[in-house]
Amino acid sequence: MARPLIMDVDTGIDDAMALALAASLSDYDLVAVTTVAGNVPVERTAENTLRVLSWIGSDAPVYRGMSQPLARTLHTAPNVHGNDGLGAWQEPLARRDVEEVSAPEAIIQTARRHQREIDGVFVGPLTNLAVALTLEPRLAGWFRTVTIMGGAFYSPGNVTPVGEFNKNSSDVTSSVAEFNMYVDPEAAAVVARAALPATWIGLDVTHQVSVTHDVWRCIENVTAPEPALIREVCRQTFETRRMDKVHLHDPLAVAVAAYPDLVTVRHGQVRIDVGNVIRGETRLIEGDGRTKVAESVDSGRFMDIFRTALGV
Ligand code: BDR
Ligand code: CA
């Protein structure tokens, strides 16, 4: 039987593909989607989520969440995702609106309803989950698993300006923090301290999986909603930004939630830097404990799952 899944997103190009993947996997019943400010402001992430779900025919309820990080000014990523967050994707308008309940409240209510059966996949800044955990500390025990796209544990990040703290890298363009951690490090620290059955999927593994230009060209003429969505949200990255790949950060988190053995992991406790110099840097203090951090990924198997599920 399909397991209940709740997703928290800041939709975003790769969030859109993650939603499509979650809705396509028979392992999951997508019971709620909560939205947060991140790649674009929260009004946009909510609207984008509704547009994506309408396009793929999912009627999962959508909840709007926190519009600002816990203690920082919002930092968005129009340079990567476009001003609208979906790479200037034209179609379609959403055919429905968000629910009245706020995202943190929806996380609490949904997890309470599906206690110890529900999986959570969090692929944006962790503001909504941090607020939910603060409002209802028992929430941590209600998830079967939690999968978080966030962090750069063994490799450079993708946000922090160039600095002297670059991790093990001679690449002068490298940085320390991953985007979701950088945007709301205080929220990530709250989540990292909670007793969640969490697996953290960082850039160390998400940079191993991508839609390449060659794969993208294979879906030039598709008409089915899922591959057409992928073609359109990736178009700006390939045609205007002239990149040669689109990383599948958030889809990998969905796939690992469904198939945990896609990654090898290390155990311990996650620490987030909440200072200003290396803001959002993530470290794993290895040891006992149920927190897991992905170390390597079977990228070939992941791509098979992604392409089969979405008709790419
Ligand atoms: C993460 O940042 C966002 O831009 C992506 O959607 C992904 O969740 C990667 O660092
Ligand atoms: Ca995201």
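Located above this text is the structure these notes cover.
No experiment lies behind these values; they were computed from the predicted model shown.

What counts, and at which threshold
Residues numbered from 1 in each chain as written. Chains lettered and ligands numbered in written order. Predicted model: local features only at pLDDT ≥ 70, side-chain atom pairs only at ≥ 80, totals over all residues. Heavy atoms only, no water. Helix = DSSP H or I, 4+ residues; strand = E, 2+ residues; numbered from the N terminus. Rg over C-alpha atoms; globule rule 2.2 N^0.38 Å. Buried < 20%, exposed > 50% of the residue type's maximum accessible area, 1.4 Å probe, protein only. Lys, Arg positive; Asp, Glu negative; His and termini not counted. Charge placed at Lys NZ, Arg CZ, Asp CG, Glu CD. Donors = N, O, S within 2.8 Å, 3.2 Å for Na, K, Ca; no water. Near = heavy atom within 4 Å. Polar contact = N/O pair within 3.5 Å; in protein donor to acceptor, adjacent residues only side chain to side chain. Areas by Shrake-Rupley, 256 points an atom, 1.4 Å probe, with all protein chains shown as cover. Nonpolar A, V, L, I, M, F, W, Y, C, P; charged D, E, K, R; others polar. Patch = residues over 30% accessible without salt bridge, like charges linked within 9 Å, V, L, I, M, F, W, Y side chains within 5 Å. Salt bridge = Lys/Arg side-chain N within 4 Å of Asp/Glu carboxyl O. Expected span 1.5 Å × (residues − 1). Arc of directions from axis to C-beta. Contact = heavy atoms within 4.5 Å.

Within the protein chain, the secondary structure is distributed over twelve helices and eleven strands. Computed over the C-alpha atoms, the radius of gyration of the protein chain is 18 Å, within 12% of the 20 Å expected from 2.2 N^0.38 for a compact globule of 312 residues. Taking all 312 residues of the protein chain together, 58% fall into the buried category. A gap of 2 Å separates the mean positions of the 28 positive and 39 negative side-chain charges of the protein chain.

Listed as protein donors to the calcium ion (ligand 2) are Asp10 (OD), Asp15 (OD), Asp15 (OD), Val123 (O) and Asp250 (OD); their distances from the metal cover 2.3 to 2.7 Å. In primary-sequence terms, the residues that donate to the calcium ion (ligand 2) follow D-x4-D-x107-V-x126-D. Highlighted residues: Asp10 in the loop between β1 (3–9) and α1 (13–24) and Val123 in the loop between β4 (118–122) and α5 (127–135), separated in sequence by 113 residues. Taken individually, Asp10 and Val123 each receive the classification buried, so the pair is uniform in this respect.

Every one of the 13 residues lining ligand 1 counts as a neighbour, but Asp14, Asn39, His81, Glu178 and Asp250 are closest to it. One nitrogen or oxygen atom from the side chain of Asn39 is found 2.6 Å from an oxygen atom belonging to ligand 1. Between ligand 1 and the protein, one listed contact pairs an oxygen atom with a backbone N or O atom of Val123 at 3.0 Å. The protein chains hide 96% of the 280 Å² of surface that ligand 1 would expose on its own. Here the shell around ligand 1 is built from residues that sort into four nonpolar, five polar and four charged.

With that settled, the discussion passes to a negative patch on the surface. Among the surface-exposed residues, Glu47, Asp97, Glu99 and Glu100 lie close enough to one another that they form a single negatively charged patch. Relative to the assigned elements, Glu47 resides in helix α2 (residues 42–56).

With twelve residues, helix α12 (residues 299–310) should reach 16 Å at 1.5 Å per residue; the first-to-last C-alpha distance of 16 Å fits that figure. Those residues of α12 that fall on the buried side of the exposure criterion are Phe302, Met303, Ile305, Phe306 and Leu310. Taken around the axis of α12, the buried residues stretch over an arc of 160°, which confines them to a single face. The exposed set on the far side of α12, more than 90 degrees from its buried face, consists of Asp304 and Thr308. Looking at the buried residues of α12, the elements they touch are α1, β7 (210–212), α10 (225–239) and α11 (249–258).

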